[in-house]
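Here is how the chains run, residue by residue.
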Amino acid sequence: MLFILLAFFTGAASSEDLPNIILIMADDLGWADVTPNNPSNPNTPHIAALAQEGVRYTDYHSAASVCTPARAGLLTGRMGQRTGVIHNFGPYSIAGLPKTERTMAEYFKTVGYNTGIIGKWHLGHTQDYNPLSRGFDYYFGLPYSNDMGCVLCSPIYNLKKNSTCPNRGNIGIPLYENRTIIEQPVDLTTLSARYAHKSKEFMSRSLEADKRFFLYVPMTHVHVPLATDKSFANKSKDGHFGDTLMEMDHYVGKMVAFLKAKNLFKNTIVIFTSDNGPSEEKCYLAGSHSPFLGTWQKVQGQGGSSGKMTTWEGGHRVPFIISWPAMLMPGVSTELVSALDILPTFAMITNFTLPNDRVFDGMPFPFLVPRNKTRTVYIPNVKLQEIWALRYGKYKVFYATLPVPDCEDSPGSGFLYHNPALVFDVESDPSESEPLTDLSETFYAEIELLKKELRDSIYTTFRSTVNWKTDKTKNPCCNHDNLYCSCNSVSPVF
C-alpha cells in the first residue's frame, strides 16, 4: 500500500485521478459518542460502517477545544497563537479570521477544485469574512453557533439558557445561502435534512461541471440547543441527545450513499471528526468523552470540567475516521495526529502549494509520511496566548490547569501553575488520574526545550492580528422592523 501511495504522490497520477474530498465535522461531539469508539452506543451505525471501510484514528486531537479556534486551526493549518484566533467570534463581531490567513478552500481553488461549505462557519459573518470571500464557491449554513440567538422551532432542548423566540433583544439565528439570509430565526428541526440536500446538490453541480470538489460540512449537531425532525423524536433509548446522534448519523449515511450511487466513493476522501469535545455544562444534553475523564481535575482540582474548553484529553481528543478505498486499507491507528495535520496532508495529495512565508504546525498523516521521532502536539488554552499543555508521544504535560465550569457549575480550584510540570502517561492512564513522579531530569529538560522552541517560533515568525471589536449594528438581521429579525422562511425541498 505504501508503494501505491508513493507512486500516486510523486506524480504518477494525473489530475483526473485526484480525489474528491468531503470533510464532515460534528460540533461538540465526544470521543465515546460514536459506535466505533464505544460499541455500547448503538446510535451511529452509518459512522460505524464508514469506519469499517476506512481508518479510525484513536489518538486524534482537534486544533483547539472550542468552536472558532478549532475551525481556524483546521482550515489554516496554523495554531491560534499564530493566526490570532484564540476565542470565539459572535453576532456582534465586526471581523473574523484575519485576511492575512489563507483557508484550505483557497488552496484547493489553486488546483481547480469546486469548493463548498454547508454548515456552521463561525469565522466572521460580515461581508469580507463571509465564506465566499475566503475561498468557497458556495455557502449554506449558520454564521455562528446555534445558541448565539434564538430559534423558532419546538421542541428544543438546552440547559440554563433560553433560546426560544420571541424575547426582546434575543435576535434570531440566521440561515445563509451564499451572502443572503434566507431564514431568520432558523428552524433547527429541518436543518440537518437541508444540509444533506444541499450537499447532494453541490456534489451534483460539481459532477455536471466535470470538476473535483472539496465539500466542508461543519454540522450543527450535537451543539445545544438540540432539535431534530419529528421522525427522530424519541427514537433513541438515550434521550434527546441520542435522538440527535441518530439524526446526525442518518445524514452522514445519506452523503455516503450518494457517493456510492454515483460510483464516486472509491476515489473520494471522506473524513468524519469533531471540532472539540462535549460541554460538561450541558449535563445530560452533552455527550461523553470517556475514558478521558480528567480525573485529576475532578479530585485534586476540586471539580470543574475536563471536556470542552479545557486542555484535558476529553476537551480535544475526538473521533476521527478517514475513508479513501482507492488508496487506504481499512484499519485502526493509534498514531498521535492532529487537525493541524489535515492541511499538509491535502497539500501532498492534491499538489497544492503552501506558502513559505509562514509556519504551519502540522505534518502529513503517517499513511503518507511515516513518523521517525516522537510526535509533539501542542494543546492551546482558550483565550490565552501562552501554551500551557502539550502531548509528547504518550505523555501529557500540563504547565498549568485552568478552571472551566462542569455540570454542577463548579469551576474547581482555579488557575493552577505546575512546577515541575504535571505529567501523565495517557496510554496506561487515559483518565489522567495519577501524575508520574519518577521522571528523569532529562525528560523535564526535553519538554522545557519543546515549550521554548514553540514560544520562540511563535514570536519570531509571521503572525496575524485579529480585530476583536464588536458593534451591535453588525448583528445579521433580515428584517429590522421585527423584534427578533424575523423574515419568511424558504420552504425546504428534500
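Computed from a prediction, not measured in an experiment: that's the story for all the values here.

**Student:** What is the right way to read the nonpolar core from this model?
**Tutor:** Across soluble globular proteins, you tend to see nonpolar side chains buried next to one another. Grouped together as the largest cluster of nonpolar side chains are 68 residues, with contacts concentrated most on Tyr57, Tyr60, Met104, Phe214, Tyr216, Ile322 and Phe346. When sequence neighbours within four positions are dropped, the list of residues in contact with Tyr57 reads Phe320, Ile322, Ser333, Glu335, Val337, Phe365, Pro366 and Phe367. With 48 residues, the next largest nonpolar core counts Leu50, Ile156, Met203 and Leu259 among its residues.

**Student:** Teacher, can you tell me more about the packing of helix α6 (residues 191-208) against helix α7 (residues 239-261) here?
**Tutor:** Where α6 meets α7, the closest approach of the two axes is 10 Å, and the angle between their N-to-C directions is 15°. In this view, α6 runs roughly parallel relative to α7, as classed from their interaxial angle. When the axes of α6 and α7 are compared, the crossing they make is right-handed. Packed against α6, whose contacting residues are Ser192, Ala193, Ala196, Ser199, Lys200, Met203 and Ser204, the element α7 presents Glu247, Tyr251, Met255, Phe258 and Leu259 at the interface. Partitioning the contact of α6 with α7 into residue classes produces seven nonpolar, three polar and two charged.

**Student:** I'm lost on the sheet that holds strand β13 (residues 395-401) in this one. Help?
**Tutor:** Neighbouring strands of a sheet are bound in pairs by backbone hydrogen bonds; such pairs are parallel or else antiparallel. Ordered in space as β11-β12-β13-β14, the four strands form an open sheet in which the pairing is antiparallel. Where the open sheet ends on each side, the last strands, each with one partner, are β11 (376-380) and β14 (416-425). On average, adjacent strands in this sheet sit at an angle of 20° to one another, irrespective of strand direction. Against the sheet, helix α11 (residues 441-460) makes contact with β11, β12 (387-392), β13 and β14, and its axis sits at roughly 120° relative to β12, the strand it touches most.

**Student:** Help me out: how do you make sense of the pairing of β12 in this one?
**Tutor:** Residues in a regular strand point their side chains to alternate faces of the sheet. Taking burial as the measure, the six residues of β12 include six buried ones, the bulk of the element. Bridging between β11 and β12 involves five bridges; their strand directions are antiparallel. Note that in β12 the partner of Ile379 across the bridge is Ala389. Connecting the antiparallel pair β11 and β12 is a turn made up of six residues, with Lys383 showing a positive phi of about 75°.

**Student:** Hey, could you run me through α6 in this one?
**Tutor:** Relative to the 26 Å expected for 18 residues at 1.5 Å per residue, α6 spans 26 Å between its end C-alpha atoms, a close match to the ideal helical length. Within α6, burial applies to Leu191, Ser192, Ala193, Arg194, Tyr195, Ala196, Lys198, Ser199, Phe202, Met203 and Ser206. Directly after α6, the chain includes Asp210, whose backbone phi takes a positive value near 55°.

**Student:** What should I look at first to understand the sheet that holds strand β8 (residues 268-274) in this one?
**Tutor:** Pairing within the open sheet is mixed, and its ten strands lie in the order β6-β5-β4-β3-β7-β1-β8-β9-β2-β10. Edge positions in the open sheet fall to β6 (180-183) and β10 (331-338), since each of these has one partner strand only. Going across the sheet, the axis of each strand differs from the next one's by a mean of 20°, ignoring polarity. Judged from the three bridges that link them, strand β3 (residues 114-118) and strand β4 (residues 138-141) form a sheet pairing that is parallel. Of the residues in β4, the one forming a bridge with Ile118 is Phe140. Across the sheet, helix α3 (residues 67-76) is in contact with β1 (20-26) and β7 (213-218); its angle to β7 comes to roughly 165°.

**Student:** When you look at the layout of surface pockets in this model, what are you seeing that I'm missing?
**Tutor:** Taking a probe equal in size to a water molecule and rolling it over the atoms shows the remaining empty space. By volume, the largest pocket amounts to about 500 Å³. Residue lining of the largest pocket: 33 residues in total, with Asn88, Asp147, His223, Lys308 and Met309 positioned closest to the centre. Roughly 410 Å³ of volume is contained in the second largest pocket. Within the residue set of the lining of the second largest pocket, elements represented by two or more residues are β11 and α11. Element by element, the count of residues in the lining of the second largest pocket is highest for α11, at four residues. Taken together, the residues of the lining of the second largest pocket break down into ten nonpolar, five polar and five charged.

Calculation criteria
- Residues numbered from 1 in each chain as written.
- Predicted model: local features only at pLDDT ≥ 70, side-chain atom pairs only at ≥ 80, totals over all residues.
- Heavy atoms only, no water.
- Core = buried A, V, L, I, M, F, W, Y, C linked by side-chain atoms within 4.5 Å.
- Buried < 20%, exposed > 50% of the residue type's maximum accessible area, 1.4 Å probe, protein only.
- Contact = heavy atoms within 4.5 Å.
- Axes fitted to C-alpha atoms, helices over the stretch in contact; angles between N-to-C directions.
- Helix = DSSP H or I, 4+ residues; strand = E, 2+ residues; numbered from the N terminus.
- Parallel < 35°, antiparallel > 145°, perpendicular 65-115°, else oblique.
- Left-handed = near helix turned anticlockwise from the far one by under 90°.
- Nonpolar A, V, L, I, M, F, W, Y, C, P; charged D, E, K, R; others polar.
- Pairing = 2+ DSSP bridges.
- Expected span 1.5 Å × (residues − 1).
- 1 Å grid on protein atoms, 1.4 Å probe; cavity = no way out; pocket = protein on both sides within 12 Å on 5 of 7 lines; lining within 4 Å.
- Points joined across faces, edges and corners; volume = space filled by probe spheres on them.

Read these as geometric descriptors, not functional statements.
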